[in-house]
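Listed here are the chains, written in short residue letters.
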Amino acid sequence: MVTSSVASGKLAVEGGTPVRGPDNPFTRNSPREMGPKALDLVKKVLDSGWTYSMVADFEQVFAEACGTDYAVGVSNCTAANHAVLGALGIGPGDEVVVSAISDYGSIAGIGYQGAKIAFSDVDEHTGKTTAEEMEKVITPRTKAIIAVHFYGQMCEMDPIVELGRKHGVPVIEDVAQTTLGHYKGKTAGSIGDIGTFSFNSSKLLSTNTGGAVTTDNQELAEAVRRFAVDRGAIYLVNQIGAARYHPGPGYNYRMGELEAAVAIANLETLPAQNERRIERGEKLSAELAKIDGLTPPRVSEPGSHLYWMYHVQFDREKFRVGMDEIELAIKAEGLDGMFPMYYLIPHSHHFLENREQDLARLVNARSHVETTFRFSWTYRMTDSDITDIAEVFAKVTDAYRA
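Rules behind the numbers
Residues numbered from 1 in each chain as written. Predicted model: local features only at pLDDT ≥ 70, side-chain atom pairs only at ≥ 80, totals over all residues. Heavy atoms only, no water. Buried < 20%, exposed > 50% of the residue type's maximum accessible area, 1.4 Å probe, protein only. Helix = DSSP H or I, 4+ residues; strand = E, 2+ residues; numbered from the N terminus. Pairing = 2+ DSSP bridges. Contact = heavy atoms within 4.5 Å. Axes fitted to C-alpha atoms, helices over the stretch in contact; angles between N-to-C directions. Patch = residues over 30% accessible without salt bridge, like charges linked within 9 Å, V, L, I, M, F, W, Y side chains within 5 Å. Areas by Shrake-Rupley, 256 points an atom, 1.4 Å probe, with all protein chains shown as cover. Salt bridge = Lys/Arg side-chain N within 4 Å of Asp/Glu carboxyl O. Left-handed = near helix turned anticlockwise from the far one by under 90°. Nonpolar A, V, L, I, M, F, W, Y, C, P; charged D, E, K, R; others polar.

**Notes on the pairing of strand β15 (residues 372–376)**
Within β15, four of the five residues are buried, leaving the element largely enclosed by the surrounding structure. By the bridge criterion, five bridges tie strand β13 (residues 309–314) to β15 in an arrangement that is antiparallel. Bridge pairing in β15 links Tyr310 to Phe375. Two elements, strand β14 (residues 337–338) and β15, share two bridges in a ladder whose sense is antiparallel. If you follow Met338 over to β15, its bridge partner there is Arg374.

This is the structure we're talking about:
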């Protein structure tokens, strides 16, 4: 059991002294650190007057980093997911299986294409979907499955890939939170048929805005590029000159040259940052594991969790108050986070069809978000941060223990 003079004191929410006050906040994810070559690469683009294609350079180095044959730079991960579904020809009457715990970017493209969303439940403890849960919602109309790597930890991909092969549908990895993550020696985005990435300001590889698609399938990569970059056009060159025509629809989801420059620079420093995230996260987990009623992240493969966010699960039966009271108490002690109901998509996205029926059947997903407190994590967390985060949880759990 973690104990200290602070942990045994009066809760801040009841007028006591917080573990961390406004004058001493926990280390945050922002401002972000840029790779040392960022300014030089940005300058190279600007000096060229937009004639140098930094996006092409990025696509080459990113594909190499992910262990795939192809990468296509796009404007964000929502665009990446939509482009993949468009490239696969998914449309009205089709169904796409996707984890119930994710973000709007994982489902938007399904709706854009007029297809139906089929939510799969998750593992109650990790928040990640599984092949077993996905198979429960597969039908003859299923045309793709999306495995969302959540919190920074990858899904169990071998059975999910096997499931896709069994039903003859492509497997999409949503890698928004797990760039350069690994599963059994393979890199995220290289295990399924195609991977989608986010590079927004909060993600592991940050360019402020941006994303990518990775695959080993040349035909699929070209279809993604046609849909997301060339706006559905095919370019032809003959004796008269260049011409283009549009055999199908497409979108202007191009990645910017400046974002590509920053991506290349930050990609060089990301492996070391990820290693530090793991080391810091594991150190906190060792402390939280000492607190009765708490479960730190369950990691299936040592060193595989990148801790894009840190999450800790509460055993509700061990406490005499509800999760709302616990959340307020944790925040009052200086740790900004939440029980992430937003990430249960049917809960927060009120426009969805069959919303109430989905919420009723997604038992594990509901349990996970209702009992799991998550907060921002960074490789810059100090030993003092880790000690005090453990103090926050010890103080609150001691005060509210049943």
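**So, the sheet that holds β13**
As summarised here, the arrangement of the four strands in space is β12-β13-β15-β14, forming an open sheet in which the pairing is antiparallel. Only two strands of the sheet have a single neighbouring strand rather than two, namely β12 (294–295) and β14. Lying over the sheet, helix α8 (residues 257–288) contacts β12, β13 and β15, oriented at roughly 15° with respect to β13.

**Overview of a nonpolar patch on the surface**
On the surface, a cluster of nonpolar side chains totalling about 430 Å² of accessible area is made up of Tyr104, Tyr112, Tyr342 and Phe351. By secondary structure assignment, the location of Phe351 is in the loop between α10 (345–348) and α11 (355–361). Phe351 sits in the exposed class, given a relative accessible area of 57%.

**Considering the packing of α8 against helix α13 (residues 383–400)**
With their axes 10 Å apart at the nearest point, α8 and α13 run at an angle of 30° to one another. Classified by chirality, the crossing of α13 by α8 is right-handed. Residue-level inspection shows Arg280, Lys283, Leu284, Glu287 and Leu288 of α8 in contact with α13, the latter providing Asp383, Ile386, Ile389, Ala390 and Phe393.

**Brief notes about the packing of helix α3 (residues 77–87) against helix α7 (residues 218–228)**
As a packed pair, α3 and α7 sit with axes 8 Å apart at the nearest point and diverge in direction by 115°. As for how α3 packs across α7, the hand of that crossing is right-handed. Touching His82, Ala83, Val84, Gly86 and Ala87 of α3 are Leu220, Ala223, Val224, Phe227 and Ala228, all from α7. Across the contact of α3 with α7, the residue classes tally to eight nonpolar, two polar and no charged.

**Notes on the pattern of salt bridges**
Tallying each qualifying case throughout the model produces 23 salt bridges. A salt bridge links Asp383 to Arg280; the nearest nitrogen and oxygen atoms lie 2.7 Å apart. Note that Asp383 is positioned in helix α13 and Arg280 in helix α8, a separation of 103 residues in sequence. Classification of Asp383 as partly exposed rests on a relative accessible area of 43%. Judged by its relative accessible area of 4%, Arg280 falls in the buried class. Where Arg361 meets Asp358, a salt bridge forms, and the shortest distance between an N and an O atom there is 3.2 Å. Of this pair, Arg361 and Asp358 both sit in helix α11, three residues apart, roughly one helical turn.

**So, the sheet that holds strand β3 (residues 116–120)**
In spatial order, the strands read β1-β9-β8-β5-β4-β2-β3; together these seven strands make up an open sheet with mixed pairing. Edge positions in the sheet fall to β1 (70–74) and β3, since each has one partner strand and no second. When strand polarity is set aside, the average angle formed by the axes of neighbouring strands in this sheet is 20°. In this structure, β1 lies alongside strand β9 (residues 211–215), joined through five bridges in antiparallel fashion. Counterpart to Tyr70 in the pairing with β9 is Thr215.

Scope: geometric values only; no functional claims are made or implied.
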